[in-house]
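Notes for the structure review
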Amino acid sequence: SGSYKPKGPTGEVVKVVRGMKRRRLGGSDIVVSELGLGTQRWVSRDFNAPDEEKCFEFMDEAILKGGVNLIDTAEQYPIPSGGSAQEGDTETVIGKWMKERKVPREDVVIATKITGGRNVTPKNIKKDCEGSLKRLGTDYIDVYQLHWPQRYSPQSNWGQSLKYNLENDSSQYWRQFGGPTSFEDLCLAMEDLIQQGKIRGWGLCNDNAYGLTACARTAKALGTTPPCSIQGDFSILDRKSEENGVAEAASPYNENCGFMSYNALAGGMLTGKYRETPAALDNPNRDTAISSLEKPRGRMDTRGWGGTLYRYRTSAARSAIEEYAEIAKKNKMTLTELSLRWCRQRSLITTTLVGHSNLDQLKESLKYFTVKEPLSDQVMWDIDVVHMKNRLPLFSSDRVGKDWFGEGEIGEPIP
């Protein structure tokens, strides 16, 4: 078709709504607020999961009263699911809110995701998209993302997995039935949905510079629409995307792709609430650990998330958190404020997706994303000085056992 023409450079500020900047996502005509609502735990089984009423309050506050227009979800949400919380329920809640509040569809940018891995086939892209459209009660999705790559990639594995492993790639899971869906078939399937008006744009999540470039270049060769967005783990503690080729690939001078950051508060570690008393699973004091599990301060105090998200609590991460907390204190702000405002100022980041358990947290986020003045050069430099001590704190470990034989704390391949 060859009809794709970029509408402008990614990240350009197109307008300001109620004090919040809205930026172009990739070369598309999709414009997103610098703060987006993360919804992974909405109506989930978590002890502090926001219920439907609370989710409605969040959307009222952020979208109807604040300057937010972006909601990021997935067909797999809520996580954790089970029992009364079923996969797909999060999309259903968002759809219900739009209908009940009679929200004009163009006032909201909805990004959702197809489950990744071998689930990503041209047939499933079509089928899963239909499922999401139905649950959301809408006739189009703004950004349709792969939850994780359609191929083997080390980073789509949570935990501390960074190294590409040939053995993993040659496993039956990836190689049977003719191997993973090709980049060509992926780009053509997404283009089909765009041509049918079912999606406005598409993107990647938990992918890397290779995946982004391969998709963008394949689309260019085919004359189809390239991805407008890549979503990834990114925070003051996890700057890998700026330094591993992703930022270079996404640059307006290269593939012109937006970036949605998630876990900007490192699973709650960057709120500072686990500084005095460590997270339950890390606490050597049995009594305090038990009382944290019984009365969790947040998800780091739970057995499920506490295990899964251990990467945010390595000793390197914890010592960096202490230093960042000092910088925040010296500049009369909270660690949360420092962390979120820092994200906002990175040239790679188009929008930061933040999840909230209550309305006060959301109001705080809204405040930090509408502050006029940027953090000073000095504050940014002080942060860089800490970063230089360990550029990958989440992926370092001083507690790997001699007999772990290549398996990390949650069963992921290491190193």
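See above for the structure.
About the criteria used
- Residues numbered from 1 in each chain as written.
- Predicted model: local features only at pLDDT ≥ 70, side-chain atom pairs only at ≥ 80, totals over all residues.
- Heavy atoms only, no water.
- Helix = DSSP H or I, 4+ residues; strand = E, 2+ residues; numbered from the N terminus.
- Rg over C-alpha atoms; globule rule 2.2 N^0.38 Å.
- Buried < 20%, exposed > 50% of the residue type's maximum accessible area, 1.4 Å probe, protein only.
- Contact = heavy atoms within 4.5 Å.
- Areas by Shrake-Rupley, 256 points an atom, 1.4 Å probe, with all protein chains shown as cover.
- Lys, Arg positive; Asp, Glu negative; His and termini not counted.
- Charge placed at Lys NZ, Arg CZ, Asp CG, Glu CD.
- Axes fitted to C-alpha atoms, helices over the stretch in contact; angles between N-to-C directions.
- Parallel < 35°, antiparallel > 145°, perpendicular 65-115°, else oblique.
- Pairing = 2+ DSSP bridges.
- 1 Å grid on protein atoms, 1.4 Å probe; cavity = no way out; pocket = protein on both sides within 12 Å on 5 of 7 lines; lining within 4 Å.
- Points joined across faces, edges and corners; volume = space filled by probe spheres on them.
- Nonpolar A, V, L, I, M, F, W, Y, C, P; charged D, E, K, R; others polar.

In terms of helices and strands, the chain carries 15 helices and eleven strands. Against the 2.2 N^0.38 benchmark of 22 Å for 415 residues, the chain shows a C-alpha radius of gyration of 21 Å, consistent with a compact globule. Its C-alpha atoms give the chain principal-axis dimensions of about 60 × 50 × 45 Å. Expressed as a percentage of the 415 residues in the chain, the buried residues total 58%. Pairs at least 24 apart in sequence give 74% of the contacts found in the chain among residues at least 6 apart. Carbon and sulfur atoms make up 50% of the accessible area of the chain, which totals about 18100 Å². Positive and negative side-chain charges in the chain, numbering 56 and 55 respectively, have mean positions lying 2 Å apart.

Running from N to C, helix H2 (residues 89-100) and helix H3 (residues 122-136) point in directions that differ by 45°, and their axes come no closer than 7 Å. One element, H2, and the other, H3, form an angle in the oblique class. Contact residues: Glu-91, Thr-92, Ile-94, Gly-95 and Met-98 in H2; Ser-132, Arg-135 and Leu-136 in H3.

So, about the sheet that holds strand E10 (residues 258-262). Read around the closed barrel, the eight strands follow the order E4-E5-E6-E7-E8-E9-E10-E11; overall the barrel is parallel. Within the sheet, the average angular offset between the axes of one strand and its neighbour, ignoring direction, is 30°. When strand E7 (residues 141-146) meets strand E8 (residues 199-205), the two strands line up parallel, connected through four bridges. Among the inter-strand pairings, Ile-141 is bridged to a residue of E8, identified as Ile-199. The strands that helix H1 (residues 52-65) touches are strand E4 (35-38) and strand E5 (70-72); relative to E4, the one it contacts most, it runs at about 170°.

Moving on to empty space enclosed by the protein. Within the structure shown, the criterion is met by one cavity of 30 Å³ or more. Lining the largest cavity are Arg-23, Glu-34, Arg-344, Ile-349, Thr-350, Thr-351, Thr-352 and Phe-369. Tallied by class, residues from the lining of the largest cavity come to two nonpolar, three polar and three charged.

Mapped onto the elements of the fold, Lys-54 is located in helix H1. Along the primary structure Lys-54 and Ser-357 are separated by 303 residues, whereas in three dimensions their C-alpha atoms are 8.7 Å apart. Once you skip the residues sitting within four places of it in the chain, Lys-54 turns out to touch Ser-357 and Asn-358.

Reading across the sheet, the three strands line up as E1-E2-E3 and stay open at both edges, with antiparallel pairing between neighbours. The two strands at the open ends of the sheet, each matched to only one other strand, are strand E1 (13-17) and strand E3 (31-33). Ignoring strand direction, the axes of neighbouring strands in this sheet form an average angle of 30°. Two strands pair when backbone bridges link them, and strand E2 (residues 20-24) and E3 are joined in this way by three bridges, in the antiparallel orientation. Residue pairing in the sheet places Arg-22 in a bridge with Ser-33 of E3.

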